[in-house]
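Close look at the chain arrangement
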Amino acid sequence: MIPIIGLVVGIVAGFILQPTVPAPLEPYVPIAIIAALDAVVGAVRALGEKRFDDRVFVISFVSNVLIAAAMVYLGDQLGVGSQLSTGVIVVLGIRIFANAAAIRRQVFHA
Amino acid sequence: MRERRRVGRPLQLLAGVLVAVLAFAIVAQWRQDEREDFSGVRGAELGELLKSLDASNQRLARQIEELSATRDELRDSSASSEQAEEAARKRAAELAILAGTSAAAGPGIAVELSGPEDAVTAAILLDSVEELRDAGAEVIAINGAARVVAQTYFLDDRDGVRVGGRLLEPPYVIEAIGDPHTMAEAVRFRGGLADRVEDRGGTVTVEQRDRVAITALADVPEPQYARPAS
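Let me sum up the structure you'll find in this document. (Residues numbered from 1 in each chain as written. Chains lettered and ligands numbered in written order. Predicted model: local features only at pLDDT ≥ 70, side-chain atom pairs only at ≥ 80, totals over all residues. Heavy atoms only, no water.)

**Things to note about the nonpolar core**
All names here are of chain B. Convention followed: We define the nonpolar core as a collection of buried residues of types Ala, Val, Leu, Ile, Met, Phe, Trp, Tyr and Cys that are connected through side-chain atoms lying within 4.5 Å of one another. A 1.4 Å probe rolled over the protein chains alone gives each residue an accessible area, and that area as a share of the maximum for its type sets the label: buried under 20%, exposed over 50%, partly exposed in between. Secondary structure elements follow DSSP: runs of H or I no shorter than four residues count as helices, runs of E no shorter than two count as strands, and numbering proceeds from the N terminus. In this analysis, two residues are considered to be in contact whenever any of their non-hydrogen atoms come within 4.5 Å of each other.
Residues L125 and L132 are the most contacted members of the largest nonpolar core, which totals 30 residues. Among the elements that line this core, the one with the most residues is helix α3 (residues 122-134), at five residues. The residues touching L132, leaving out its near neighbours within four places in the chain, are I109, A137, I140, I174, A176, M183 and V187.

**Considerations on α3(B)**
Note the following rule: Multiplying one less than the number of residues by 1.5 Å gives the expected span of a helix.
In this model, α3(B) (13 residues) spans 18 Å end to end at C-alpha, consistent with the 18 Å of a helix rising 1.5 Å per residue. Of the residues trailing α3(B), B:G136 is marked for its positive phi of about 100°.

**Topic: the environment of A:R55**
Locating A:R55 in the fold gives a position in helix α3 (residues 54-78). For the pair A:R55 and A:G6, spaced 49 residues apart in the sequence, the C-alpha separation amounts to 17 Å.

**A closer look at a nonpolar patch on the surface**
All names here are of chain A. Convention followed: Nonpolar side chains (Val, Leu, Ile, Met, Phe, Trp, Tyr) are joined into patches within 5 Å and like charges within 9 Å, using only residues with over 30% relative accessible area and no salt bridge. Throughout, the Shrake-Rupley method with a 1.4 Å probe supplies accessible areas, and for residues the shown protein chains are the sole cover considered. Salt bridge, as used here, is a side-chain nitrogen of Lys or Arg placed within 4 Å of a carboxyl oxygen of Asp or Glu.
Together, I4, L7, V8, I11, V12, F15, I16 and L17 line one region of the surface with nonpolar side chains, adding up to about 760 Å² of accessible area. Positionally, V8 belongs in helix α1 (residues 2-17). Residue classification places V8 among the partly exposed positions, given a relative accessible area of 47%.

Treat this as a map of the structure, not an account of what it does.
Listed below in structure tokens is the structure:
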């Protein structure tokens, strides 16, 4: 319940405040969003399997975001920023698809 | 279980806050991408963008060159066709004067031949026309009514002379455009036209004029058999 409230509050705040992403963070926000989505989808899957844990969710969320941002930063420093961010997005995308497939199996038994 | 709840409550709140932050970030990024600027684009991508812009720039510049060349060509050709048209018009005017289908004016002479009935015959008129042509007459008309061109014929008639189908009566006035002095000499030289007419009892008067206007036109029949061949 609380996360859903958080979701609504975040969206409403985003539309009301109309924020702009600060320039220094610009390369990291998209990757961080994907990483956080991965954590959220994983949490939904765990919820469906009745083994959801707040602690695990919070830690995986934060660590996902930090690691993704760190990889992009490292890639930018090494001059392979765009390739590395593509790689990160591919890996996270695969994980999101896998988790989504598990959720689908639980919900629709198919 | 009780202990777990106590620890779980703040963690649940934290999870909600994290989701809120995520939603907020998504909205922020979404709005960011709707703006059309390049602040979020990496250096390498900017380079690629610049390169492709350069390439399309060059392509368009080449296209501009080609099209300008085509335009210049077309302009030249229209100018030269204008010249050709001008030349054709000039030539048509010249030919119209030669064929007797257009009026003409210029310096020339007027020769009046008069005398008794048979002093001036068709042969005399024809001779005088030939004489004037020899002297460079460009346009000739007789009595202001009969234009003398290549097809014109001279026939003796009861009341006068038939020139190109028109009956002319004496006195005959031959108007000719050309060099006035030369033509006047051609009429008056010893043993020439003037002497012959005067031998038969007629009189010849030659008047040199700065401007002779000939408005008589020749009847040019539409060619019935001949067609241009080229």
